[in-house]
Amino acid sequence: MRRTWTIIGVGDVPASFKWYQSLLGLPETTPAHDYFGQILDSDGTVLLCLHGWGDHGHPSLTSPEHAQPGNGLLLFFRVDDFARALPRGRALVARLEEEPHVNHNTGTPEFSLRDPDGYYVTISALSAA
């Protein structure tokens, strides 16, 4: 099995780390470093990596001023606890970007919101309601 590790640039790794754990209903832990952390599923699968803007000189992670965070990127998570994910999501933002609806392509309910750095995040049910 091969897996992709999606890495996004963030302004505050520990705060974003906590935000994503809360959204996904994961136990609260701390990132390995103040400049990098991996959001892990219960089985240890890496769901998302958070990297501090400007740390270590990576060309695509130099600064949000050089590229709008999230431009061309949609973080799409399929969850098995959609009914619990919705109130968790609402608690994290002032308003959802998209209210719950059924995606006609997947046949599953979903909603969308923005993370603290402006990334567009969609939460979709793993299976149809």
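Residues numbered from 1 in each chain as written. Predicted model: local features only at pLDDT ≥ 70, side-chain atom pairs only at ≥ 80, totals over all residues. Heavy atoms only, no water.

### Structural notes on the pattern of salt bridges
Link 1 in the chain: Evaluated as defined, the whole model comprises five salt bridges.
Link 2 in the chain: The shortest N-O distance in the salt bridge between Arg-88 and Asp-81 comes to 3.0 Å.
Link 3 in the chain: Residue Arg-88 is classed as buried on the basis of its relative accessible area, which comes to 18%.
Link 4 in the chain: With a shortest N-O distance of 3.8 Å, Glu-97 and Arg-114 are connected by a salt bridge. (Salt bridge = Lys/Arg side-chain N within 4 Å of Asp/Glu carboxyl O. Buried < 20%, exposed > 50% of the residue type's maximum accessible area, 1.4 Å probe, protein only.)

### Describing the sheet that holds strand β2 (residues 36-40)
Link 1 in the chain: Spatial strand order, β1-β3-β2: three strands in an open sheet with mixed pairing. The sheet is open, and its two borders are formed by β1 (7-10) and β2, each paired with just one other strand. Neighbouring strand axes in the sheet, compared pairwise and without regard to direction, differ in orientation by 25° on average.
Link 2 in the chain: Alignment of β1 against strand β3 (residues 46-52), held across four bridges, turns out to be parallel. By the bridge assignment for β3, Ile-8 is matched with Leu-50. (Pairing = 2+ DSSP bridges. Helix = DSSP H or I, 4+ residues; strand = E, 2+ residues; numbered from the N terminus. Axes fitted to C-alpha atoms, helices over the stretch in contact; angles between N-to-C directions.)

### Comments concerning the side chain of Thr-122
Link 1 in the chain: Position of Thr-122 relative to the elements: it lies in strand β7 (residues 120-125).
Link 2 in the chain: Setting aside anything within four residues of it in sequence, one finds Thr-122 in contact with Leu-74, Leu-75, Phe-76, Phe-77, Glu-110, Phe-111 and Ser-112. (Contact = heavy atoms within 4.5 Å.)

### Details of the confidence of the model for the chain
Link 1 in the chain: Of the residues in the chain, 85% reach a pLDDT of 70 or more, and the chain-wide mean stands at 90.
Link 2 in the chain: Within the chain, the element-level pLDDT minimum falls on β1, averaging 91, and the maximum on helix α2 (residues 82-92), averaging 98. (pLDDT = per-residue confidence, 0-100.)

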